[in-house]
Number of protein chains: 2
Amino acid sequence: MGMDIVSEVRSHGGRQLVCKHRSTATETEMVFSVFLPPQAEQGGRLPMMWYLSGLTCTHANVTEKGEYRAACAEHGLVLVAPDTSPRGEGVPDDPEGAWDFGLGAGFYVDATEVPWAANYRMWSYVTAELAALVEAEFPVDPARQGITGHSMGGHGALTIALNHPEWFRSVSAFAPIVAPSQVPWGEKALGRYLGPERSAWRRHDAVALIEDGARVPELLVDVGEADPFLERELRPELLERACAEAGIRLELRRQPGYDHSYYFISTFMADHLRWHAERLVGTSN
Amino acid sequence: MGMDIVSEVRSHGGRQLVCKHRSTATETEMVFSVFLPPQAEQGGRLPMMWYLSGLTCTHANVTEKGEYRAACAEHGLVLVAPDTSPRGEGVPDDPEGAWDFGLGAGFYVDATEVPWAANYRMWSYVTAELAALVEAEFPVDPARQGITGHSMGGHGALTIALNHPEWFRSVSAFAPIVAPSQVPWGEKALGRYLGPERSAWRRHDAVALIEDGARVPELLVDVGEADPFLERELRPELLERACAEAGIRLELRRQPGYDHSYYFISTFMADHLRWHAERLVGTSN
């Protein structure tokens, strides 16, 4: 394993790190950020949050604009923010340079199709390689993990948690893509990364996973009612229906006037982190 | 007057606006941001904060990374963030493209020297033109204004308040340049904008202003002890000495481990806004 610290800055009483490492999953160098709250300096392992970012983002968007550090410092949460795709020389991109596929748009799957399969392995990268690296390098308690994300990253958070509910004590999302098999962004990405056989898409589709029997006890989801992608790409009503039929406690909050941006995410970040902290902090290992 | 709203986004229960207008002071188009907290929708005029930015910044840096909206929403504060220089076709820049002079480095003065005097009039722009525009366009109470800023913008906040203490009920700064006449950034900027006669610099130098009799009752200043500009450019000890001799109540907090970045500013932003709110909110007009 091994990694390098690209930058380390004091913030909100803790340390905001940006790290890079050579990934065997993606066969590229990968960059991620980690916030260590002040409690990390007292020794012991802390509960941790995953934040998975949306289309076009790197680790930097949430790190600069997510407004998570005050809440992480208050509750003693480590927060890890991975990149959204492999990058670098030789990594193929959308041939037309589209922003919703290829670079910045890994969709948290292991691609099986040429030419994506060589590098676009964000599922293995996040769930196995980076998870092991973070546990080895930072004082985190793997028994107390929560996961959240935005848009494509909300899709990532939901699908990772539904595939591995035993890994997480809490799951939330901001404006997630809940049914990629049924919306344009998802059909394009899953079709190209995973091929035309739609049965292979189901474990990367939160609504399909729930229909197929995957369960988490509860979900917190915020969406903005002025989000321009709400009706076409996000379709939270599909998650609402699936959760109702499956008996999953979904708290879906439609926030009047909010859009899809970090102005929306940062507004509700502290509230999500408080909600996760109630499920992660002060509980036994 | 008149202005256009470039963007309007809901955030933290309020509205984050970016506005542009044609400035007669700078003879350019100028962009600024305004946060209107939720209380702005109840009618009435609200207390307001000025945030002046540092070298290389536009309105966007603090708007994206300053983490001020939660505190402004809590206390009912409007926050206005101007740009740091004129920009656009025909506006001269540092001939060597330096980042500490010219574009992004207006230093909150009205230049008197050729070729800067035509556009570099940030003193008149901020203190007269923009102040009048904001009062005309937004529900702010001019009797309840506070001012703060970062680095060059901390210099701007201190010097504007010391020249016009009657305008402000509260003044603070993050890592300010307190004595530009005595440090390289300031000597370069004031020398070029105002000419070699140093007596003309004194009303744009917080320490010199205090030595010359300018007074505010109290100041709150945070500096990071790991700020790479602390000893050479910021020199808070000069402000400390001047305030002690003048009887100005200065709360100077040296924050261990913090640098000059928005990771530092955002850490203490909520605390500064709380401090300003104690002096601005709930007091009579």
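Residues numbered from 1 in each chain as written. Chains lettered and ligands numbered in written order. Predicted model: local features only at pLDDT ≥ 70, side-chain atom pairs only at ≥ 80, totals over all residues. Heavy atoms only, no water.

**Some points on the sheet that holds strand E1 (residues 4-11) of chain B**
All names here are of chain B.
Moving on, step 1. Strand order in the open sheet made by the nine strands is E1-E2-E3-E5-E4-E6-E7-E8-E9, with mixed pairing throughout. Every interior strand has two partners, whereas the edge strands, E1 and strand E9 (249-255), have only one. Within this sheet the neighbouring strands show an average axis-to-axis angle of 20°, counted without direction.
Moving on, step 2. Strand contacts of helix H3 (residues 122-137): strand E2 (14-22), strand E3 (29-36), strand E4 (46-52), strand E5 (78-82) and strand E6 (140-149), with the helix running at about 50° to E3, the strand carrying the most contacts.
Moving on, step 3. Most of the contacts of helix H4 (residues 152-163) go to E6, to which it runs at about 135°, and overall it touches E4, E6, strand E7 (170-174) and strand E8 (218-224). (Pairing = 2+ DSSP bridges. Helix = DSSP H or I, 4+ residues; strand = E, 2+ residues; numbered from the N terminus. Axes fitted to C-alpha atoms, helices over the stretch in contact; angles between N-to-C directions. Contact = heavy atoms within 4.5 Å.)

**Remarks on the UniProt feature "active site" (unreviewed entry) in chain A**
All names here are of chain A.
Moving on, step 1. In the numbering adopted here, UniProt assigns the feature "active site" (unreviewed entry) to Ser151, Asp227 and His260. Across 110 residues, the annotated set stays spatially compact, with a maximum C-alpha separation of 10.8 Å.
Moving on, step 2. Note on placement: serine 151 falls in the loop between strand E6 (140-149) and helix H4 (152-163).
Moving on, step 3. For serine 151, a relative accessible area of 2% translates into the label buried.
Moving on, step 4. Contact partners of serine 151, with chain neighbours within four places excluded, come to Gly54, Phe174, Ala175, Pro176, Ile177, Trp185, Leu234 and His260.
Moving on, step 5. Looking at the secondary structure, you find aspartate 227 in the loop between strand E8 (218-224) and helix H7 (230-234).
Moving on, step 6. Polar side-chain contacts of aspartate 227 include one of 2.8 Å to the backbone nitrogen of phenylalanine 229. (UniProt positions renumbered as here; feature names shortened; annotations may be inferred. Buried < 20%, exposed > 50% of the residue type's maximum accessible area, 1.4 Å probe, protein only. Polar contact = N/O pair within 3.5 Å; in protein donor to acceptor, adjacent residues only side chain to side chain.)

**Re the pairing of strand E2 (residues 14-22) of chain A**
Residues and elements named next belong to chain A.
Moving on, step 1. The pairing of strand E1 (residues 4-11) with E2 spans seven bridges and is antiparallel. Note that in E2 the partner of arginine 10 across the bridge is arginine 15.
Moving on, step 2. The antiparallel hairpin formed by E1 and E2 contains two residues in its connecting segment, where histidine 12 sits at a positive phi of about 50°.
Moving on, step 3. In this structure, E2 lies alongside strand E3 (residues 29-36), joined through eight bridges in antiparallel fashion. For arginine 15, the partnering residue across the bridge sits in E3 and is leucine 36.
Moving on, step 4. Taking the residues that link successive antiparallel strands as the turn, the E2-E3 hairpin has six residues, and the phi of glutamate 27 there is positive, at about 55°.

**Section: the relation of the copies chain B and chain A**
Moving on, step 1. Under the fitted operation, chain B is carried onto chain A by 0.0 Å of movement along the axis and a turn of 180°, and the coordinates agree to an RMSD of 0.0 Å. Classification of the inter-copy transformation places it as that of a two-fold axis. No C-alpha of chain B approaches the rotation axis more nearly than that of lysine 65 of chain B, which lies at 2.7 Å.
Moving on, step 2. In this assembly, 100% of the residues forming the interface of chain B have copies in chain A that are likewise at the interface, indicating an isologous arrangement. (Least-squares fit on C-alpha atoms with pLDDT ≥ 70 in both.)

**Let's talk about the pairing of strand E5 (residues 78-82) of chain A**
One face of the sheet, then the other: side chains in a regular strand alternate in exactly this way.
Residues and elements named next belong to chain A.
Moving on, step 1. Along E5, five of the five residues are buried, which leaves the element largely enclosed by surrounding structure.
Moving on, step 2. Burial of E5 is two-sided: the residues Val78, Val80 and Pro82 facing one way and the residues Leu79 and Ala81 facing the other way are all buried.
Moving on, step 3. Of the pairings in the sheet, the one linking strand E4 (residues 46-52) to E5 comprises three bridges and is parallel in character. Counterpart to tryptophan 50 in the pairing with E5 is valine 80.

**Some words on the packing of aromatic side chains**
Residue and element names in this part refer to chain A.
Moving on, step 1. This model, assessed by the stated rule, comprises 26 aromatic pairs over all chains.
Moving on, step 2. With a centroid separation of 4.4 Å and an interplanar angle of 25°, the aromatic rings of phenylalanine 101 and tyrosine 193 are classed as stacked. Linking phenylalanine 101 in the loop between E5 and helix H3 (122-137) with tyrosine 193 in helix H5 (residues 184-194), this pair joins segments that are 92 residues apart in sequence.
Moving on, step 3. Where tryptophan 167 meets phenylalanine 168, the ring centres are 6.2 Å apart and the plane angle is 65°; that geometry is what we call edge-to-face.
Moving on, step 4. With a relative accessible area of 11%, phenylalanine 168 lands in the buried category.
Moving on, step 5. An aromatic cluster of at least three residues, connected via ring pairs, comprises Phe101, Trp116, Tyr120 and Tyr193.
Moving on, step 6. In this structure, arginine 69 is placed above the aromatic ring of tyrosine 68, and the distance from its NZ or CZ to the ring centre is 5.0 Å.
Moving on, step 7. The lysine or arginine in question, arginine 192, covers the ring of phenylalanine 101, its NZ or CZ lying 4.7 Å from the ring centre. (Phe/Tyr/Trp six-rings, centres within 6.5 Å; stacked < 30°, edge-to-face > 60°. Lys NZ or Arg CZ within 6 Å of the ring centre and 35° of its normal.)

**Some words on the interface of chain B and chain A**
Many structure descriptions define interface size as the accessible area lost when the parts assemble.
Moving on, step 1. Contact with chain B, which involves 20 residues of that partner, is made by 20 residues of chain A.
Moving on, step 2. Regarding the contact of chain B and chain A, the summed buried area is about 1700 Å², with carbon and sulfur atoms giving 53% of it.
Moving on, step 3. A per-residue breakdown of the area chain B buries against chain A is headed by Arg10, Glu67 and Tyr263 of chain B, which together make up 38% of the total.
Moving on, step 4. Taken together, the links from chain B to chain A amount to two salt bridges.
Moving on, step 5. A salt bridge links arginine 69 of chain A to glutamate 67 of chain B, with the nearest nitrogen and oxygen atoms 3.6 Å apart.
Moving on, step 6. Summed over the shared surface of chain B and chain A, the number is 12 residue pairs in polar contact (both at pLDDT 80 or more).
Moving on, step 7. At the level of elements, E1, helix H1 (59-65) and helix H9 (262-280) of chain B are the ones that each hand at least two residues to the side of chain B that touches chain A.
Moving on, step 8. Of all the elements, H9 of chain B adds the most residues to the side of chain B that touches chain A, at four residues.
Moving on, step 9. The residue makeup of the side of chain B that touches chain A, split by class, is five nonpolar, nine polar and six charged. (Buried area = accessible area lost by both parts, 1.4 Å probe. Salt bridge = Lys/Arg side-chain N within 4 Å of Asp/Glu carboxyl O. Nonpolar A, V, L, I, M, F, W, Y, C, P; charged D, E, K, R; others polar.)

**A closer look at the confidence of the model for chain A**
Any region with low pLDDT has predicted coordinates that should not be read closely.
Moving on, step 1. In the predicted model, chain A carries a mean pLDDT of 97, and the fraction of residues at 70 or more is 98%.
Moving on, step 2. Interface confidence in the predicted complex, given as ipTM, is 0.94; pTM for the same model is 0.96. (pLDDT = per-residue confidence, 0-100.)

**Focus on helix H8 (residues 236-246) of chain B**
Residues and elements named next belong to chain B.
Moving on, step 1. For H8, the set of buried residues is Pro236, Leu238, Leu239, Ala242, Cys243 and Ala246. Seen along its axis, H8 keeps its buried residues to an arc of 150°; they face one direction. Exposed residues lying more than 90 degrees from the buried face of H8 are Ala244 and Glu245.
Moving on, step 2. Here the buried face of H8 lies against H4, helix H6 (206-211), E8, helix H7 (230-234) and E9.
Moving on, step 3. Two residues or fewer past H8, glycine 247 is found with a positive phi of approximately 75°. (Arc of directions from axis to C-beta.)

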